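# Coordinate inspection notes
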Amino acid sequence: MAERRWVGYNVQRQILDEEAVDEMAEKSESKVVLSESIKKSMRCSGPRLKSCLLDSIPVLSWLPRYPVKDNALSDLISGISVGVMHLPQGMAYALLAAVPPVFGLYSSFYPVLIYFIFGTSKHISVGTYAVMSVMIGSVTEQLAPESNFMQWDNGTNTSIVDETAMNKERVKVAAAVTFLSGLFQILLGLVRFGFVVTYLSEPLVRGYTTGAAIHVIVSQLKYTFGTNPLRHSGPLSLIYTVLEVSYLIPKTNVGTLVVSVVTIIGLMLAKQLSVYLNKKLPVPIPVELLTIIIATIISWQVGLEQKYGVDVVGDIPSGLQPPVLPDATVLGQVIGNAFALAVVGYGMVISLGRIFALKYGYKVDSNQELIALGLSNSIGGIFQCFAISCSMSRTMVQHSTGGKTQVAGALSAMVILFITLWIGHLFEELPKAVLAAIIYVNLSSMMKQFTDIPALWKTNRVDMLIWVVTFILTLLLNPDLGLAASIGFSMLTVIFRTQLPKYSLLGQVPNTDIYRPVEDYNQVRQVPGILIFRCSATLYFANAEMYQDALAEKSGIDITKKLAIKKKLEAKRKRHEKKIARKARKAAKKNTVNVSPPGQEEAPEREEHTSVATIEVDPEPDPSLPRAIVLDLSPVNFLDTVGVKTLRSIQIDYGEIGIEVVLAGCQTAVVDNLQTGGFFNEKVTKSCVFSTIHDAVLHCQSTRMSQHKDMASTHF
């Protein structure tokens, strides 16, 4: 350990209470009038209009200054690489959303272009995302289940599903919930509500995404085994689905299962090879693209659908869909799901965007990101896309291939446009089991998040509890209800932690003005006659009563008992005074009736004087009690009315038994809360509030010394 360098300093000043500080620092009493604030915000000028326009449409600020020579080539390579990834992921995640695969390509085109115009992050790749897709799928399958589209086939004498009508209805539901979630995001961005993401802590997000990944895997089991289990919705639907799939395992399509197993093994080996060659190749190997190309060729040549009954993607129409307004009748049924999508999607975007912004030294505007994502989803919903967010795998590819600006994202959208318009129909023979295998392998990284549990156990067990409970709630209640319940549980942990704070008595570090908890330091000693009390949490209605109880416990003063004893003594003293007064009145009355003999007129007065002199006085203060209590409020960042009343009650109660109570370390907002809450009056002023603990201690010591002097002069 390096030798500590001691630098001596000496500060000489008077003891400063809050009144003295306000006077010396000339505290401003001016308050911003609401009408003036509104007028100021409504004023418009040329520079302000330009700034507002550039902030609202960020592409206008950075695209004219785009360094073509420095960034064009790297953004081009990155854009093509990410666009290639969009193809298999878009088609695969469309299955999660329970819509035809081509709509995954639409969702990888329109929203990406919108984000290019309005987004502020230079490195993230927005588009289809597994968690968002499975949340969409739970809504579409719930509102448009297969049972609603069953038709009787006279040829086979069985019921079959009208897939055309079912897909049309599910696309309508997915577009409606996407459009509404975009509107929620836009509204939250306009009211500057970007801080809502702070309620999604990292343990909550990671536990939630892990639970959602389990939902994704279970939803793809039917494509792996080639079975058609019943659709279950609501709480515990995951368990029912697993039981249903297990029941149908004897009916597994062997050809589909073989395709799934071979694809999973091939993908895992290819990804390991890609990681090994990553440093030697300028561009990562497009493993997913090669997989779907090879699988499509084999399926077409072998005839997997005709010979082995392997389910394939089917018809992929060329071209783009015309814009269609969402069905208003569906919007009312998906409000809760849309809000959950809005919060989860934004949480993914802003968390990953901030990581890269911090790494490369630029700013991501949280409110503008809400608006950009909201426009991407709302406009995308009109073009029959499903909700999008930020994909970590594509973002890492965009970053590793040299992508430096949003241009890479726009170029990836152009790749998807080319595929959609001209070569999309070539993938009609692609087995759906291959897309499910791609999903499994891509979700393997999320399964590694289970290692968070032992890590959090060592660092913060409350965060570990949030992770585990979020994971369990997401599994049992589905991603939509699970998210709401998880946020509620996370907020409860905050409340519990404020209700169960650490209460400490502070002592002075020798020869310093520093005060620390006496139980945590061996050399810290309490100041004689002064009790310094601190609570590690803010003081409000939920813990106000516990604050008083903890103060009584730490000080060893049963304030209720002391006040009861004092009241009894006071009542006894008053009864004694009344008794003496009655005797005096009787003696005076007797003197007025009986004429005293000469020379004895002064006797009654002497008797009265003697009687009055025997009135008992208050006893000396209990030496076992502290003479003053200092309440350290430095951890308190606000006070509600209950908190103010609690402090007022403490000051009055302890003051009645002769203990002075002062406050220390109050923030300006806390002093204002005391002012507006009625703590101060004619008798109690800001002179009982001190900026530092040391000032409060010195004040209490000086008050005690003056009291001793007064007592000494009285006895003298």
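This is a predicted model, so every value here is computed, not measured. (Residues numbered from 1 in each chain as written. Predicted model: local features only at pLDDT ≥ 70, side-chain atom pairs only at ≥ 80, totals over all residues. Heavy atoms only, no water.)

### Section: the packing of helix α13 (residues 254-277) against helix α21 (residues 432-442)
The description of two helices packed together rests on the angle between their axes and the distance between the axes. In contact at an axis separation of 9 Å, α13 and α21 are set at 40° when each is read in the N-to-C sense. It follows from the interaxial angle that α13 and α21 lie oblique. As α13 runs across α21, the sense of the crossing is right-handed. Across the interface between the two elements, Thr256, Val259, Ser260, Thr263, Ile264, Leu267, Met268 and Lys271 of α13 pack against Ala433, Val434, Ala437, Ile438, Tyr440, Val441 and Asn442 of α21. Each residue belonging to the contact of α13 with α21 can be placed in one class, and the counts come to ten nonpolar, four polar and one charged. (Axes fitted to C-alpha atoms, helices over the stretch in contact; angles between N-to-C directions. Helix = DSSP H or I, 4+ residues; strand = E, 2+ residues; numbered from the N terminus. Parallel < 35°, antiparallel > 145°, perpendicular 65-115°, else oblique. Left-handed = near helix turned anticlockwise from the far one by under 90°. Contact = heavy atoms within 4.5 Å. Nonpolar A, V, L, I, M, F, W, Y, C, P; charged D, E, K, R; others polar.)

### Brief notes about the environment of Pro431
Summarising the element assignment, Pro431 is placed in the loop between α20 (407-423) and α21. Distance from Pro431 to Ser260, taken between C-alpha atoms, is 9.2 Å for residues 171 residues apart in sequence. Residue contacts for Pro431: discarding those within four places in its chain leaves Val259, Ala295, Ser299, Leu304, Val310, Asp311 and Val312.

### Digging into α20
The end-to-end C-alpha distance of α20 is 23 Å, a good match for the 24 Å that 17 residues give at a rise of 1.5 Å each. By the burial criterion, the buried members of α20 are Val407, Ala408, Gly409, Ala410, Ser412, Ala413, Val415, Ile416, Leu417, Ile419 and Thr420. Among the structural elements, α4 (59-62), α5 (68-96), α6 (102-107), α7 (110-118) and α19 (392-400) are those in contact with the buried residues of α20. (Expected span 1.5 Å × (residues − 1). Buried < 20%, exposed > 50% of the residue type's maximum accessible area, 1.4 Å probe, protein only.)

### Remarks on the UniProt feature "transmembrane region" (unreviewed entry) in the protein chain
Here, UniProt's "transmembrane region" (unreviewed entry) annotation points to residues 93-118, 173-195, 248-269, 281-302, 334-358, 370-389, 409-427 and 471-496. For residues 173-195, helix accounts for 78% and strand for 0%, while the C-alpha atoms at its two ends are 29 Å apart. Each end of residues 370-389 is marked by a C-alpha atom, and these two atoms are 11 Å apart; helix forms 65% of the span and strand 5%. (UniProt positions renumbered as here; feature names shortened; annotations may be inferred.)

### So, a positive patch on the surface
Together, Lys574, Lys578, Lys579, Arg582, Lys583, Arg585 and Lys586 make up a region of like positive charge exposed at the surface. Within the element layout of this structure, Lys574 appears in helix α26 (residues 559-593). The partly exposed category is assigned to Lys574, whose relative accessible area is 44%. (Patch = residues over 30% accessible without salt bridge, like charges linked within 9 Å, V, L, I, M, F, W, Y side chains within 5 Å. Areas by Shrake-Rupley, 256 points an atom, 1.4 Å probe, with all protein chains shown as cover. Salt bridge = Lys/Arg side-chain N within 4 Å of Asp/Glu carboxyl O. Lys, Arg positive; Asp, Glu negative; His and termini not counted. Charge placed at Lys NZ, Arg CZ, Asp CG, Glu CD.)

### Examining the packing of helix α25 (residues 544-555) against helix α28 (residues 641-656)
Contact geometry for α25 and α28: axes closest at 9 Å, N-to-C directions at 30°. Taken together, α25 and α28 sit at an angle that is classed as roughly parallel. As for the relative orientation of α25 and α28, their crossing is right-handed in sense. Of α28, the residues touching α25 (which contributes Ala544, Tyr547, Gln548, Leu551, Ala552 and Ser555) are Val642, Thr646, Leu647, Ser649, Ile650 and Tyr654.

### Observations regarding the pattern of salt bridges
Evaluated as defined, the whole model comprises eleven salt bridges. Lys172 is the partner of Glu169 in a salt bridge, and the nearest nitrogen-oxygen pair spans 3.7 Å. Of this pair, Glu169 and Lys172 both sit in helix α9 (residues 163-190), three residues apart, roughly one helical turn. When its relative accessible area of 33% is taken as the criterion, Lys172 is described as partly exposed. Among the ionic pairs, Lys432 bridges to Asp311, the shortest N-O distance being 3.6 Å. Taken together, the positions of Lys432 in helix α21 and Asp311 in the loop between α15 (304-308) and α16 (328-331) put the pair 121 residues apart, joining distant regions of the chain.

### Some words on the packing of aromatic side chains
Counted according to the given criterion, the structure contains 15 aromatic pairs. Taking 5.3 Å as the distance between ring centres and 80° as the angle between the ring planes, the aromatic pair formed by Phe450 and Phe471 counts as edge-to-face. In this pair, Phe450 sits in the loop between α22 (444-447) and α23 (452-459) while Phe471 sits in helix α24 (residues 461-499), placing the two residues 21 residues apart along the sequence. You can call Phe450 partly exposed: its relative accessible area is 31%. The exposure class of Phe471 is buried, given its relative accessible area of 13%. When the ring of Phe533 is compared with that of Tyr547, the centres are 5.3 Å apart and the planes differ by 80°; the resulting orientation is edge-to-face. Of this pair, Phe533 sits in strand β7 (residues 530-535) while Tyr547 is found in helix α25, placing the two residues 14 residues apart along the sequence. Among the residues examined, Phe533 registers a relative accessible area of 0% and is labelled buried. For Tyr547, a relative accessible area of 2% translates into the label buried. Every member of this aromatic cluster is reached through a ring pair, and the members are Phe109, Tyr110 and Phe383. Arg461 extends its terminal NZ or CZ atom over the ring of Trp457, reaching a point 3.8 Å from the ring centre. (Phe/Tyr/Trp six-rings, centres within 6.5 Å; stacked < 30°, edge-to-face > 60°. Lys NZ or Arg CZ within 6 Å of the ring centre and 35° of its normal.)

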